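# Working through the structure, step by step
Single-letter residue listing:
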Amino acid sequence: MRLIFLFLAFLSVTSLPAQNLKNFSVPKSYTQIAEAKGDLDKDGKDETILIFNTNIKASDKQNLEGTNDYKRVFYILKKGNSGLKVWNENSTLLFSSGFGFYPSDNTLEINIKNNCLIIEQQFFTNSRHTQQYKHTFRFQNGDFYLIGTHDHFEDTCEFSFTNEINFSTGQVIVDREYSSCDDGTKVPENSHKEFSHKFPALIKMNDFFIGDHKFKVPGSKEDFVF
């Protein structure tokens, strides 16, 4: 009897966090554009991630297809007794629906792998340049923290640049590859650097803004921006 009581008490305690969260309902005029499921806090239960185009304008511009530019938001949801509950939400990590040169060709993917949340975004900065971001977040110490970044910037003819950080180990990669569509053009030498950098602290997901952080690349005048 005592074992049954302890088991029921354990179940009630472990279910409390989800029950204390506010109920989730799709905000009026929001349009869902992506979904993922997986276990983020290692409790054996899947969380649900939903991404929406909001009804809030990010700018007054219209893209090439004549559609407006709207902000995006994603929700991390837990399953409670009365349905889905809002565990976390973020509207600063995702680029808007009309962002970039060819918004209709933008890609946005969200996945959960190894109990980590992975967000990938790609867009054109102009007719020749593509920018790809991959950010990995892990739930620890009661919050979501950035533990990995991958930044790839490419020109169709001239270069392919990759920057990576593993915040758990401090390992940094800076890779530069050059090429040319013109046989008569002198192409710079490729370069590849791997080094360790001491980061003062992990960054919380809701405190992170792409491009707001930087440090000097050793032996170079170049800044590593992330």
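Here is a short report on the structure shown in this document. (Residues numbered from 1 in each chain as written. Predicted model: local features only at pLDDT ≥ 70, side-chain atom pairs only at ≥ 80, totals over all residues. Heavy atoms only, no water.)

### Considering the pairing of strand β9 (residues 159-166)
Both strand β8 (residues 143-155) and β9 contribute to a ladder of seven bridges, which runs antiparallel. When the bridges of β9 are listed, His152 appears paired with Thr162. What sits between β8 and β9 in their antiparallel hairpin is a turn of three residues. Two strands pair when backbone bridges link them, and β9 and strand β10 (residues 171-178) are joined in this way by eight bridges, in the antiparallel orientation. Pairing of Asn163 across the sheet is with Val174, part of β10. (Pairing = 2+ DSSP bridges. Helix = DSSP H or I, 4+ residues; strand = E, 2+ residues; numbered from the N terminus.)

### A short note on the sheet that holds β9
Pairing is antiparallel in the open sheet, where seven strands are placed in the order β5-β6-β7-β8-β9-β10-β11. The sheet is open, and its two borders are formed by β5 (107-113) and β11 (191-196), each paired with just one other strand. Averaged over all pairs of adjacent strands, the angle between strand axes in this sheet comes to 10 degrees, irrespective of strand direction. Where strand β7 (residues 129-140) and β8 come together, 12 bridges link them in antiparallel fashion. Bridge assignment links His129 to a residue of β8, and that residue is Asp155. (Axes fitted to C-alpha atoms, helices over the stretch in contact; angles between N-to-C directions.)

### Digging into the nonpolar core
Counting residues in each nonpolar core, the largest one holds 29 residues, and the members touching the most others are Ile49, Phe74, Leu117 and Phe226. If you list the elements that add at least two residues to this core, you get β1 (31-38), β2 (47-62), β3 (68-80), β5, β6 (116-124), β8 and β10. When sequence neighbours within four positions are dropped, the list of residues in contact with Ile49 reads Ala34, Glu35, Ala36, Leu40, Phe74, Tyr75, Ile76, Ile110, Ile112 and Leu117. Core analysis: the second largest hydrophobic core is formed by eight residues, Phe24, Val73, Leu77 and Val86 among them. (Core = buried A, V, L, I, M, F, W, Y, C linked by side-chain atoms within 4.5 Å. Buried < 20%, exposed > 50% of the residue type's maximum accessible area, 1.4 Å probe, protein only. Contact = heavy atoms within 4.5 Å.)

### Section: the state of the cysteines
Applying the stated criterion to the full structure yields one disulfide. What pairs with Cys157 in a disulfide is Cys181, and their sulfur atoms sit 1.8 Å apart. On the sign convention where negative means left-handed, the S-S torsion of about -95 degrees between Cys157 and Cys181 marks this disulfide as left-handed. Here Cys157, found in the loop between β8 and β9, pairs with Cys181, found in the loop between β10 and β11; they are 24 residues apart in sequence, far enough to count as distant. The class of Cys157 is buried, set by a relative accessible area of 18%. You can call Cys181 exposed: its relative accessible area is 55%. (Disulfide = S-S within 2.5 Å.)

### A look at the sheet that holds strand β4 (residues 83-90)
The strand order across the open sheet built from four strands is β1-β2-β3-β4, with neighbouring strands paired in antiparallel fashion. The sheet is open, and its two edges are formed by β1 and β4, each paired on a single side. Taken over all neighbouring pairs, the strand axes of this sheet differ in orientation by 30 degrees on average, direction set aside. Alignment of β2 against β3, held across eight bridges, turns out to be antiparallel. Note on β3: the bridge partner recorded for Ile49 is Ile76.

Any functional reading would require information that these geometric values do not contain.
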